[in-house]
Amino acid sequence: MIRLEGLSAVLGGQPVLDQVSLDLAPGSITGLVGESGSGKSMTALAIMGLLPPGTRATGRVMLDRRNLLDLPEPEMCRIRGRRIGMIFQEPMTALNPLMPIGDQVAEALRLHGGLDRTAALALARERLDRVGLPAPRFPLTLYPHELSGGQRQRVAIAMAIALRPGLLIADEPTTALDVTTQARILDLLKTLAREDGMALLLITHDLAVVAGMADRVAVMQGGRIVESGPAEAVFRQRRHPYTRQLIAASGYRPARNPRPVPPPLLEVREAVRDYRLPQGGLRALDRVSLTVGRGESVGLVGESGCGKSTLARVILGLDPLQAGQIRLDGQDVTAGRRMPRSLRARMQVVFQDPFGSFDPRWRVERLLAEPFHLTGRPPDWRDRVGAALEEVGLQPTDARRFIHEFSGGQRQRLAIARALIIRPALIVLDEAVSALDVRVRAQVLDLLARLQADHGLSYLFISHDLSVVRGMADRVLVMQAGRIVEEGPPEQVIGAPRHPQTQALVAAMPVIPAEWV
Amino acid sequence: MLRYLSRRMIVLGLSLLAASALIFSVTELVPGDPASFMLGTGAQPETLAALRQQMGLDRPLPLRYAAWAGAILQGDFGTSFTYRTPVGAMIAQRLQVSLPLALMALALAVAVALPVGLYGAARRGRAGGGLAMGATQLGIALPNFWFAMLLVLVFAVRLRWLPAGGFPGWSDPGAALKSLILPVVALALPQAAILARVLRSALVETQAQDYIRTARAKGLTSGQTLRRHALRNALIPVLTILGMQFSFLLAGAIIIENVFSLPGLGRMIFQAITQRDLIVVQSAVLVLVAAVNAVTFLVDLAYGAVDPRLRRA
Amino acid sequence: MRMALTLGGALAGLALAAAVLSAVWTPYDAGQMAIADKLRPPSAAHWFGTDHFGRDILSMAMLGAQTSMAVALVAVVIGMGLGVPLGLLAAARRGTWVDEIVMRGNDLVFAFPSLVIAILITAVRGPSALNAMIAIGIFNIPVFARVTRGAALPVWVLDYIRAARVSGKGAGLISLQHVLPNIAGLLIVQATIQFSLGILAEAGLSYVGLGAQPPTPSWGRMLAEAQTMVTLAPHVAVIPGLCILLTVLGLNLLGDGLRDALDPRLRVPR
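**Details of the overall build of chain B**
When helices and strands are counted, chain B shows 13 helices and zero strands. Each helix and strand of chain B, ordered N terminal to C terminal, gives the series α-α-α-α-α-α-α-α-α-α-α-α-α. The buried share of chain B, reckoned over its 313 residues, is 48%. Residue pairs at least 24 apart in sequence account for 70% of intrachain contacts in chain B once pairs closer than 6 positions are excluded. Just so you have it, chain B exposes about 13,900 Å², and 66% of that area is on carbon and sulfur atoms. Charge separation in chain B, taken as the distance between the mean sites of 27 positive and 12 negative side-chain charges, equals 19 Å.

**Examining a nonpolar patch on the surface**
Residues and elements named next belong to chain B. On the surface, Leu-2, Leu-5 and Met-9 cluster together to form a nonpolar patch covering roughly 310 Å² of accessible area. For Met-9, the location among the structural elements is in helix α1 (residues 2-28). The class of Met-9 is partly exposed, set by a relative accessible area of 47%.

**Topic: the pattern of salt bridges**
Residue and element names in this part refer to chain A. Using the criterion set out here, one finds 51 salt bridges over all chains in the structure. The shortest N-O distance in the salt bridge between Glu-35 and Arg-439 comes to 2.8 Å. Of the two residues, Glu-35 is situated in the loop between β3 (29-33) and α1 (40-48) and Arg-439 in helix α16 (residues 438-455); the sequence distance between them amounts to 404 residues. The exposure class assigned to Glu-35 is buried, which follows from its relative accessible area of 8%. Exposure remark for Arg-439: the relative accessible area of 27% places this residue in the partly exposed category. Taken together, the shared-partner salt bridges in this structure form one network comprising Arg-130, Arg-164, Glu-195 and Asp-196.

**Thoughts on helix α6 (residues 159-166) of chain C**
All names here are of chain C. Counting buried positions along α6 gives seven out of eight residues, so the element sits mostly inside the fold. Turning to α6, its buried residues number three or more, namely Asp-159, Tyr-160, Ile-161, Arg-162, Ala-163, Ala-164 and Val-166. Following α6 by one or two positions, Gly-168 has its phi on the positive side, about 85 degrees.

**Comments concerning the interface of chain C and chain A**
Residue-level contacts link 17 residues of chain C with 26 residues of chain A. Of the roughly 1,900 Å² buried between chain C and chain A, counting both surfaces, carbon and sulfur atoms make up 53%. Of all residues in chain C, the largest losses of buried area upon contact with chain A belong to Arg162(C), Val166(C) and Ser167(C), amounting jointly to 32% of the total for that side. Across the salt bridge formed by Glu370(A) and Lys169(C), the nearest N and O atoms sit 2.8 Å from each other. Linking chain C with chain A are 10 residue pairs in polar contact (both at pLDDT 80 or more), by the criterion used here. Elements that contribute at least two residues to the side of chain C that touches chain A include exactly α6 and α7 (171-207) of chain C. With seven residues, the single largest contributor to the side of chain C that touches chain A is α6(C). Broken down by class, the residue content of the side of chain C that touches chain A amounts to seven nonpolar, five polar and five charged.

**Thoughts on the nonpolar core**
Ranked by internal contacts, the top residues of the largest apolar core, which has 166 residues, are Val285(B), Phe112(C), Trp156(C) and Val179(C). With 16 residues, helix α10 (residues 222-259) of chain B is the largest single contributor of residues to this core. When residues of this core are assigned to domains, at least three map to each of domain 1 (2-73) and domain 2 (95-311) of chain B. One finds Ile87(A), Val105(A), Ala108(A) and Val438(A) within the second-largest nonpolar core, a separate group that totals 59 residues.

**So, unusual backbone geometry**
A cis amide bond links Pro214(C) to the next residue, Pro215(C), at an omega of 10 degrees. In this structure, Pro215(C) sits in the loop between α7 and α8 (219-226). In this model, Arg84(B) sits at a positive phi of 60 degrees, which is unusual for a non-glycine residue. Inspection of the secondary structure assignment puts Arg84(B) in the loop between α4 (61-73) and α5 (87-122). The exposure class of Arg84(B) is exposed, given its relative accessible area of 54%.

**Some remarks on the domain arrangement of chain B**
All names here are of chain B. For chain B, the assigned domains are domain 1 (2-73) and domain 2 (95-311). Averaged C-alpha coordinates put domain 1 and domain 2 at centres separated by 33 Å. The partner domain 2 presents 21 residues to the 19 residues of domain 1 that form the contact. Counting across the interface, domain 1 meets domain 2 through one salt bridge. A salt bridge links Asp-300 to Arg-8; its shortest N-O distance comes to 3.3 Å. In this assembly, domain 1 and domain 2 are joined by one residue pair in polar contact (both at pLDDT 80 or more). Elements represented by at least two residues in the side of domain 1 that touches domain 2 include exactly α1, α2 (34-39) and α4. At 12 residues, the largest contribution of residues to the side of domain 1 that touches domain 2 is made by α1.

**Looking at the interface of chain C and chain B**
Taken together, the 38 residues of chain C in the interface contact 46 residues of chain B. Across the chain C to chain B interface the summed buried area is about 3,700 Å²; carbon plus sulfur atoms make up 80%. In this structure, the connection of chain C to chain B is made through one salt bridge. Two residues, Arg197(B) and Asp256(C), come together in a salt bridge whose shortest N-O distance is 2.9 Å. In this assembly, chain C and chain B are joined by four residue pairs in polar contact (both at pLDDT 80 or more).

**Overview of the packing of α5(B) against helix α8 (residues 173-207) of chain B**
Axis angle and axis distance: for two packed helices, these are the angle between their axes and the distance between the axes, and together they describe the pair. Residues and elements named next belong to chain B. Their axes nearest at 5 Å, the elements α5 and α8 cross at an angle of 35 degrees. Like other packed secondary-structure pairs, α5 and α8 cross with a definite hand, here right-handed. Each residue belonging to the contact of α5 with α8 can be placed in one class, and the counts come to 27 nonpolar, four polar and one charged.

**Quick notes on the pairing of strand β20 (residues 483-488) of chain A**
Residue and element names in this part refer to chain A. Where strand β19 (residues 475-480) lies against β20, five bridges are found, and the strand directions are antiparallel. By the bridge assignment for β20, Val-478 is matched with Glu-486. Hairpin connection from β19 to β20: two residues lie between these consecutive antiparallel strands, with Ala-481 at a positive phi of about 45 degrees.

**Regarding the sheet that holds strand β2 (residues 14-24) of chain A**
Residues and elements named next belong to chain A. Overall, antiparallel pairing links the four strands, which are arranged β2-β1-β4-β5 in an open sheet. Looking at the sheet topology across the chains shown, the edges are occupied by β2 and β5 (66-67). One ladder, built from eight bridges, connects strand β1 (residues 2-11) with strand β4 (residues 55-63); its direction is antiparallel. Looking at the pairing, Leu-4 lines up with Val-61 of β4. On top of the sheet, α1 reaches β1, β2 and β4; it is set at about 70 degrees to β2, its chief contact.

**A short note on the packing of α6(C) against α7(C)**
Residue and element names in this part refer to chain C. In the contact formed by α6 and α7, the axes pass within 11 Å of each other and the chain directions differ by 165 degrees. By the angle between their axes, α6 is roughly antiparallel relative to α7. The two elements α6 and α7 cross, and the hand of that crossing is right-handed. Residues Tyr-160, Ile-161, Ala-164 and Arg-165 of α6 touch α7, and the partners they reach there are Ile-174, His-178, Val-179 and Asn-182. Taken together, the residues that form the contact of α6 with α7 break down as five nonpolar, two polar and one charged.

**Thoughts on the packing of aromatic side chains**
Summed over the entire model, instances satisfying the criterion amount to eight aromatic pairs over all chains. Relative to Trp170(B), the ring of Phe167(B) has its centre 5.7 Å away and its plane inclined at 70 degrees; by these criteria the two rings are edge-to-face. Here Phe167(B) falls in the buried class, since its relative accessible area comes to 18%. Put simply, the rings of Phe24(B), Tyr65(B) and Trp68(B) pair up and form one aromatic cluster. The ring of Trp381(A) is capped by Arg377(A), whose NZ or CZ atom sits 4.2 Å from the centre of that ring. The residue whose ring lies beneath Arg401(A) is Phe406(A), and the NZ or CZ to ring-centre distance is 4.5 Å.

**Observations regarding the pairing of strand β8 (residues 199-204) of chain A**
Residue and element names in this part refer to chain A. Within β8, six of the six residues are buried, leaving the element largely enclosed by the surrounding structure. Burial along β8 is two-sided: Ala-199, Leu-201 and Ile-203 facing one way and Leu-200, Leu-202 and Thr-204 facing the other are all buried. Sheet topology note: the strand β7 (residues 167-171)/β8 ladder contains five bridges and is parallel. Along β8, the bridge assignment pairs Leu-168 with Leu-200. Between the parallel pair β7 and β8, the chain is carried across by helix α6 (residues 179-196), and the sense of this crossover is right-handed.

Parameters and conventions
Residues numbered from 1 in each chain as written. Chains lettered and ligands numbered in written order. Predicted model: local features only at pLDDT ≥ 70, side-chain atom pairs only at ≥ 80, totals over all residues. Heavy atoms only, no water. Helix = DSSP H or I, 4+ residues; strand = E, 2+ residues; numbered from the N terminus. Buried < 20%, exposed > 50% of the residue type's maximum accessible area, 1.4 Å probe, protein only. Contact = heavy atoms within 4.5 Å. Areas by Shrake-Rupley, 256 points an atom, 1.4 Å probe, with all protein chains shown as cover. Lys, Arg positive; Asp, Glu negative; His and termini not counted. Charge placed at Lys NZ, Arg CZ, Asp CG, Glu CD. Patch = residues over 30% accessible without salt bridge, like charges linked within 9 Å, V, L, I, M, F, W, Y side chains within 5 Å. Salt bridge = Lys/Arg side-chain N within 4 Å of Asp/Glu carboxyl O. Buried area = accessible area lost by both parts, 1.4 Å probe. Polar contact = N/O pair within 3.5 Å; in protein donor to acceptor, adjacent residues only side chain to side chain. Nonpolar A, V, L, I, M, F, W, Y, C, P; charged D, E, K, R; others polar. Core = buried A, V, L, I, M, F, W, Y, C linked by side-chain atoms within 4.5 Å. Domains from an automatic or database assignment. Axes fitted to C-alpha atoms, helices over the stretch in contact; angles between N-to-C directions. Left-handed = near helix turned anticlockwise from the far one by under 90°. Pairing = 2+ DSSP bridges. Parallel < 35°, antiparallel > 145°, perpendicular 65-115°, else oblique. Phe/Tyr/Trp six-rings, centres within 6.5 Å; stacked < 30°, edge-to-face > 60°. Lys NZ or Arg CZ within 6 Å of the ring centre and 35° of its normal. Right-handed = clockwise from strand over helix to strand, strands pointing away.

Here it is in structure tokens:
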């Protein structure tokens, strides 16, 4: 049993944790939910004694009647890994790339358990079996780069539970993974907690994940726990306004009234794109056909590597096709210089990463005016930039600022303003809301819906997450291994999926139980 | 691994081919051909023409290159114009000084840089680490030939522990080694300073990686993570620098050979240039460049050994 | 960190000031010999003493600073002028034969130790300060090309580059407008590093007689001439060496300080 009592922390004069209290009981799963910057990860690092240098923590983290905050570093090293294990968000970088996975799992066993290498490796084998990486297919000699993201996260779990700690902290363990992989990893974590009687602290931004997993839920905002209790009670009662906002935003669907107009704006016919890789060829697009109508919003869903980003690139005329045809407004889309600028000006794009989407050295007005390269910069371009800023809910005076002065949500608004400035017919939204916190995401979805209604825009809305697409798309396409395997209205695709891939995606989609909402 | 190896071998071969062509064409630009240089200013035009023909200097450039390169492939580096001795034998004799000098300097540089770099990374932000890194700043700024002069002043002139220059030959290995100590130190320490800084910054960068956090969460102390996880990963950039440094080391060796009057390859190139003994210059420069390429090749192999991700590429 | 920047700036600034001042004024005529006053230790009249011809070492060192800095500066300009465009080109055409040719060409030049390049050039054109500039400059080209390409590659995968491509911009325009400004800080840092390496290289070349020729004073040749004098009058050898050491040290500290100031990623204490 680990108990946090009035845990507070200050970093650089700023309070990052404020009177956090939590009970983490054996065999139970506690979900810690909040938006980015709410202090979830800080709480985890405080328990582990791994707070960033310069952070001062007060209060108590009690384990066996000892306050972990008071323990000297060598003592704490004996607690970490042995009594408390932890896994992190990014499985691709969480493992040492130069060390075989067996040795990485065995390391903790040798260190704390005093086992020799052979014995430790034997036990590591057992742990890897336990997390679903069985012996013949996954020898101990594999290196991390030979595994997929989900498999690496399993290795990380095997490392964390190697010594059967009483508490496992999982900090956004599935955020970087595909939905179906997420479901399997969450299943594994649940089984481990239940069968081994281990306390699990599951940190996530996703309310739906918590709803399906946790016995108890704590909601965090601004370094404080604003509400906590049994999961069902928290979801049903929603005593704190912040909890209400989070739940309302999590399945948000903007009000839309689409009226697609024929003929179709975008037609993709039998598109084929191959990549040459050292291991051989890869067919990223395998005779893909789709249409997007004028004023229509089409959702494109698939797991990583299914070809949806490649499709976006060829539609935008950034990569050439090997076969097939893409037509926009009846004109051929080709990659490179042959594509007329007037045709390029009919399309724009909004990317996922609000931080990488803008050149940090340019001012907002220059950033937003960049698409004018296609049309020629009109004399009143500054007014146009100002109008575009107002249209996405920002101030015309923001034009003189630099991008680092804006939050993630504001940057995504700027990206939309940039896409809008030359009045394109089609906007490709490539995971455009995936990196945003739920409340900001709801606002951006509203903005997108309003702009579509105002300007008769067509959207190609690309996402790995069916639940996001549901609120925005008139039609949903499901992609797998370079092919479109299912197509239909969102209710039909989610309510009655026909293709196995769609069924798997729907089944894996974390949902808040209907009766709790 | 085999594919990796064979690809590196092909790259090595092509590099040497290109380098030899470059060296050959550049030396062709040198004013005054060897024949007229050998005969002096008062030579009869007929004698000159005869000698040129005898030396093959009247043939077109590509043919002469092909002949030169083909001969080298068979181990024949040609004959020195001035000394009338086989260039291969001359180079072999000079390498007996240059090769030990370069290798010992490299070894010493690594031996010094490793602990200093580790110490600097482990004691980052503390007095000890700052002191170590300050010392490396001085080391990098130190001109090696001046350092060599100071070493001579102290250890040869004042203390009389070691010879100030010259090389007695390997017939007396003790004396030979003794005469190489100061040159090796002068060559190695500035290089060690660079290497130590690279190692430290690579270690510091590696320590910010996610897998270091994972290792800490397993209960490793910061020292254990440094040794068990960070060091091996930090070796990759260090290897790159090590390979590049060999080129600096050879350049430095040419100067150091001058300070200590060592009969090495560098000094031979100098003498050959002043005597317009172009075939010696060509061959000796080719040997130097080949040495750099060979080290690059070895570094590539070491990458493969350190990094499992490369073995399959 | 502030301290490194200040100390580095002060040392490098002092050397630069001496170099500039020497163009219009030196305490004595650096070429004027006064055998009667030879090998005098530092004094009020001759702050750095005199050499074996009785020449004023301070005056020679000031002019030497000028030679060193001019050679190193031109070499950096040559290296950047050719290396940066090549690196940008290779990064813009990454993974294609253009990239391959540029990088293999780089490797080829890089396999020639700087001194060997200098020797070859000297063999063709005879020794001079100009040839030292060219030799060090050629050596700098692959350095800048590599650094530019290495820094530009991660920029090319960022979304704002894709947005610029969607806006119809070609590789050349993107390299100039987006890539170059974003890697400029790194290039400035590399330029200070190559500048200080250039000063070391120039000293080495003049020391072995491949650099500036008499009567142009240079630190390297002052050391070469001092070598036989070193036991009689150590200051003759110590002072030019210290000039090189302190100038290079100052430039390196300045480069490190600049890097920390320019790279926000490294500024955050972890």
